[in-house]
Every structure is written in structure tokens, then in C-alpha cells.
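# Observations on the three-dimensional arrangement
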Amino acid sequence: MPNVLLGDDDEELTQLLQEYLHNHGVSCDCVHDGEAVIQKLKTANTVDAVNTSSTSAYDLLVLDIMMPKIDGLSVLRQLPNISDIPVIMLTAKGEEIDRIIGLELGADDYITKPCNPRELLARINAVIKRTNAIASEHTPLPESRLCLDQNQRVCQIDGVELQVTGTEFDLLVALLKQKGEVVSKTWLSEHVLQRELQPFDRSLDVHVSRLRKKLQPFHDEPIKAVRGKGYQLVL
């Protein structure tokens, strides 16, 4: 059973979501402020270390942006030092800037509030399925300056390890498998983000932009945008 940590200060909503997720095969712990989210993840990692486990006790974090003590965006900023857990953000309807900043800080997906429990469940299953599926693949990748260890999910370029999020790693795998070819945004959205590309959804663009910044010390234009078509890995 997948195990999810839900951070949101709306206790009535979290109880509703917790019950729905549990009834559909997802275990869910709830906390109501940013400090509690960080403490839960640190505790989970400590337990894992004692048990010599290589993964977090939680499979995914659902994180509200507006929380007391430490807000969701501040939690995202601290997260790389705590855990590599995938993150789905909960954002207020219409707050596009929060969604963009959250994605820039490494969130994997987002859903607007008030959220439909069924949609949240679908997003949770999609992110976990994508993470597990790509982690278990052993498809040989073309020769490149990029070295992607699909078992450990580690990215290196010219022998230098890069810190990338789970979604960024998955994007690199998808682009490297079709190195030199233009990969459509529609295909990347459906196969990497696990959802249809929407007209005003900038999630994919933000993830690619983050990757470009991390790769640019090694190449001026590591990922080329082909207007109206998609992206091409040229590194």
C-alpha cells in the first residue's frame, strides 16, 4: 500500500482526504504545519537509516502552499537536504505564480484547491507509478556525456554528479532515449508527467527550464526548444 504524507492546515479537508485515500488503498499521515512536515520526513529518514532502507518511509508528499510556521514553498526549499521524495503541491485556484515557483523549486506536480479527492488520488497514483516504473527500467541508453543510473536514479555529466528531482531525471531519460530527435510536448507530458497537455499548463516548460540551468555549465544550449514542436536534447 502506498504511504503518503499530507501537509495542510485545513484539518477538515485533510480528514476527508485521508479517509478517501485510505478507502482506495493509500495510507495517509496528516500534519498541519510546515515544521511538522519537515519533522515527519526527518523522523522517517532516521527510521530508514536504522533499518538500512534506501528509500523514505513515505512514497509521496502532498504539500499545501499556505501553512503556518513554515509555508509550503519554504519546505520545498529545504527538502533537497532532507529527502528525495516526490511532491504534489496543493495551490489556491488562480495562484499561478505559486505553482510556477513550486515547480521551479522541484515539485513534481500540482493540483488546485478545493480539490476533488478522486483527482488527487489519480495524481498520486500517476506520480508513484511513474517513479516506480522508470526506476525499474533497464533499457540501455545511447552514449552521451550524460550518465543516468536508472537503478540509483543518479545523474552525472562528464563525471560530475548533478542534483536533479525525480521528474527532471525522468525527463532526461525520455529525452536521452530519443537523443537528437525532437520530442513533442504532448508526448513528454503524457509519458513523463502522466497527464494530457493542457493549453495553459506550463509545468513541462518549468521542468525543462530547471534542467537547462543545471546543464548549461556544460553546454550553452543543452536542450533546444523547437517552436511548435517540442524539445531536443543536443548535449
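Bear in mind the structure is a predicted one, so any value in this text is a computation, not a measurement. (Residues numbered from 1 in each chain as written. Predicted model: local features only at pLDDT ≥ 70, side-chain atom pairs only at ≥ 80, totals over all residues. Heavy atoms only, no water.)

### Re the overall build of the protein chain
Quick note on the threshold: A helix here means a DSSP run of H or I that spans at least four residues, while a strand means a run of E at least two residues long, and both kinds are numbered starting from the N terminus. Values of the radius of gyration come from C-alpha atoms, whereas the globule rule sets the reference at 2.2 Å times the count of residues to the power 0.38. The classification of residues rests on relative accessible area computed with a 1.4 Å probe and restricted to protein chains. Under 20% of the type maximum is buried, over 50% is exposed, and intermediate values are partly exposed. In this analysis, two residues are considered to be in contact whenever any of their non-hydrogen atoms come within 4.5 Å of each other.
Within the protein chain, the secondary structure is distributed over eight helices and 11 strands. In terms of overall size, the protein chain behaves like a compact globule, its C-alpha atoms giving a radius of gyration of 18 Å where 235 residues would be expected to give roughly 18 Å. Across its three principal directions, the C-alpha atoms of the protein chain cover 50 × 45 × 30 Å. Within the protein chain, the fraction of its 235 residues that count as buried is 45%. Partitioning the intrachain contacts of the protein chain with sequence separation of at least 6 by distance along the chain shows that 58% fall at a separation of at least 24.

### Overview of the environment of arginine 195
Here is the rule we go by: Polar contacts, as used here, are pairs of N or O atoms within 3.5 Å; protein pairs need one atom able to donate a hydrogen and one able to accept it. Residues neighboring in sequence count only if both atoms are side-chain atoms.
Its location among the elements puts arginine 195 in the loop between helix H7 (185–191) and helix H8 (203–215). Along the sequence, arginine 195 and alanine 122 sit 73 residues apart, while their C-alpha atoms lie 9.9 Å from each other. If sequence neighbours within four positions are ignored, arginine 195 has contacts with Asp109, Tyr110, Arg123, Ser189, Glu190, Asp201 and Ser203. A polar atom in the side chain of arginine 195 sits 3.1 Å from the side chain of aspartate 201.

### Examining empty space enclosed by the protein
Our working definition: Using only the protein atoms, space was sampled on a 1 Å grid; points where a 1.4 Å probe fits but cannot get out form cavities, open sets with protein on both sides within 12 Å along at least five of seven lines form pockets, and lining residues are those with an atom within 4 Å of a point. Grid points are joined across faces, edges and corners, and a volume is the space filled by probe spheres set on the points. Each residue is assigned to one of three groups, with Ala, Val, Leu, Ile, Met, Phe, Trp, Tyr, Cys and Pro labelled nonpolar, Asp, Glu, Lys and Arg labelled charged, and all others, Gly among them, labelled polar.
All told, the structure shown has one cavity of 30 Å³ or more when counted by the stated rule. Space inside the largest cavity adds up to approximately 60 Å³. Lining the largest cavity, in full, are Glu96, Arg99, Ile100, Leu103, Tyr110, Phe200, Asp201, Arg202 and Ser203. Looking at which element gives the most residues to the lining of the largest cavity, the answer is helix H4 (residues 96–104), with four residues. Taken together, the residues that form the lining of the largest cavity break down as four nonpolar, one polar and four charged.

### Observations regarding the pattern of salt bridges
The line we're drawing: Any Lys or Arg side-chain nitrogen found within 4 Å of a carboxyl oxygen on Asp or Glu counts as a salt bridge.
If you walk through the whole model with that rule in mind, you get 11 salt bridges. Among the ionic pairs, arginine 123 bridges to aspartate 109, the shortest N-O distance being 3.3 Å. With arginine 123 in helix H5 (residues 117–136) and aspartate 109 in strand S5 (residues 109–113), the pair connects residues that are 14 residues apart, well separated along the chain. In this structure aspartate 109 comes out as buried when scored by relative accessible area, which is 2%. For arginine 195, the salt bridge identified is with aspartate 109, shortest N-O distance 2.3 Å. You can see arginine 195 sitting in the loop between H7 and H8 and its partner aspartate 109 sitting in strand S5, a full 86 residues away along the chain. Residues joined in a network through salt bridges with shared partners are Asp109, Glu119, Arg123, Arg195 and Asp201.

Nothing here speaks to function; it is geometry throughout.
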